Amino acid sequence: MHEPERFKSPEYLAILDETGPSEVCRLSPSALNSMQEAAKKYYPLEACGLLIGTCNNGWQVDEARQIENLNKERAADRFQLDPAGYRNVDRELRGTGREIIGVFHSHPDCPAKPSPTDLESAWEGFVYPIVSICDGEVADILFWTLNRDRSRFQPLLVKHS
Ligand SMILES: [Zn+2]
């Protein structure tokens, strides 16, 4: 796996909680497939999108939907979800019992680990899968969430269901 130097820097290491996964995220096969397909379609640019499901009793992701990445200048290593896309999905889900429970994005030719920029834009209680895509092929996908004091990302254990 290709790992740029910055992923070994103190700023990057400081935002990872190394204590190991403590919470579980359940994931449907179609949601996994949608994230992988979005990452491949946009390579070498970053893909991003929303996770849809429920979080009544732990996270259950049953759908992932790609949303336009508005960051055109740095689309290879930054993403900015189209707010209109977010609002449309949010509106569509109103009253259905399903909701937006996370945001996925891809890291072209980089590890599936969050960056300090990812931390700045992360929301509490959301699930953040990162798809590592190297030479156009999905290499890894890791799931993260903010820890209690929101200073770091902690890894989640994924159960396929
Ligand atoms: Zn990122």
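Predicted, not measured: the structure shown is a model, and the values here were computed from it.

**Describing the overall build of the protein chain**
Right, so step 1: Looking only at helices and strands, the protein chain features four helices and seven strands.
Right, so step 2: Helices and strands in the protein chain line up, N terminus first, as α-β-α-β-β-α-β-α-β-β-β.
Right, so step 3: Against the compact-globule benchmark of 15 Å for 161 residues, the protein chain has a radius of gyration of 15 Å, which places it among compact chains.
Right, so step 4: A total of 161 residues make up the protein chain; the buried ones form 31% of that total.

**Describing the environment of Leu 156**
Right, so step 1: Positionally, Leu 156 belongs in strand β7 (residues 153-160).
Right, so step 2: For Leu 156, a count of 22 C-beta atoms within 10 Å translates into the label buried.
Right, so step 3: Remark: the alpha-carbon pair of Leu 156 and Tyr 42, spanning 114 residues in sequence, is separated by 25 Å.
Right, so step 4: When sequence neighbours within four positions are dropped, the list of residues in contact with Leu 156 reads Pro 21, Glu 23, Val 24, Cys 25, Val 127, Phe 143, Trp 144 and Thr 145.

**Examining the sheet that holds strand β2 (residues 48-54)**
What holds strands together in a sheet is hydrogen bonding between their backbones, with the strands either parallel or antiparallel.
Right, so step 1: Ordered by their spatial adjacency, seven strands build a closed barrel running β1-β3-β2-β4-β5-β6-β7, and the pairing between neighbours is mixed. The sheet shows a mean angle of 40° between the axes of neighbouring strands, taken without regard to direction.
Right, so step 2: Bridge analysis of strand β5 (residues 128-134) against strand β6 (residues 137-146) gives seven bridges, and the strand direction is antiparallel. Residue pairing across strands places Ile 133 opposite Val 138, the latter belonging to β6.
Right, so step 3: Of the strands in this sheet, β1 (23-27), β2, β3 (59-67), β4 (99-108), β5, β6 and β7 touch helix α2 (residues 29-42), which is tilted by about 25° from β3.

**Brief notes about the pairing of β1**
Right, so step 1: Pairing geometry for β1 and β7, over five bridges, is parallel. Residue Val 24 lies in a different strand from β7, and its bridge partner there is Leu 157.
Right, so step 2: Where β1 and β3 come together, three bridges link them in parallel fashion. Bridge assignment links Arg 26 to a residue of β3, and that residue is Gln 60.

**A word on the nonpolar core**
Right, so step 1: One finds Ala 39, Leu 51, Val 61 and Val 127 to be the most contacted residues of the largest nonpolar core, which totals 33 residues.
Right, so step 2: The set of elements that each furnish at least two residues to this core consists of β1, α2, β2, β3, β4, β5, β6 and β7.
Right, so step 3: At five residues, α2 tops the list of elements feeding residues into this core.
Right, so step 4: Setting aside anything within four residues of it in sequence, one finds Leu 51 in contact with Ala 31, Val 61, Ala 64, Ile 100, Ile 101, Gly 102, Val 103, Phe 104 and Val 127.

**A word on α2**
Right, so step 1: Along its 14 residues, α2 runs 20 Å from first to last C-alpha, staying within 8% of the 20 Å computed at 1.5 Å per residue.
Right, so step 2: Those residues of α2 that sit buried are Ala 31, Met 35, Ala 38, Ala 39 and Tyr 42. Angular distribution of buried residues about the axis of α2 spans 100°; they occupy a single face of the element. Exposed side chains of α2 directed beyond 90 degrees from the buried face belong to Pro 29, Ser 30, Asn 33 and Lys 41.
Right, so step 3: Along its buried surface, α2 packs onto β1, β2, β3, β4, β5 and β6.

**What about the pairing of β2?**
Right, so step 1: For β2, the tally of buried residues reaches six of seven residues, placing the bulk of the element in the interior.
Right, so step 2: Sheet topology note: the β2/β3 ladder contains seven bridges and is antiparallel. Pairing of Leu 51 across the sheet is with Ala 64, part of β3.
Right, so step 3: The turn joining β2 and β3, which pair antiparallel and follow one another in sequence, is formed by four residues; a positive phi near 85° is taken by Gly 58.
Right, so step 4: Here β2 runs beside β4; their pairing, made up of six bridges, is antiparallel. In the strand pairing of β4, Gly 49 is matched with Phe 104.

Quick notes on the rules
- Residues numbered from 1 in each chain as written.
- Predicted model: local features only at pLDDT ≥ 70, side-chain atom pairs only at ≥ 80, totals over all residues.
- Helix = DSSP H or I, 4+ residues; strand = E, 2+ residues; numbered from the N terminus.
- Rg over C-alpha atoms; globule rule 2.2 N^0.38 Å.
- Buried ≥ 20, exposed ≤ 12 C-beta atoms within 10 Å, placed from the backbone.
- Contact = placed C-beta atoms within 7 Å.
- Pairing = 2+ DSSP bridges.
- Axes fitted to C-alpha atoms, helices over the stretch in contact; angles between N-to-C directions.
- Core = buried A, V, L, I, M, F, W, Y, C linked by C-beta atoms within 7 Å.
- Expected span 1.5 Å × (residues − 1).
- Arc of directions from axis to C-beta.

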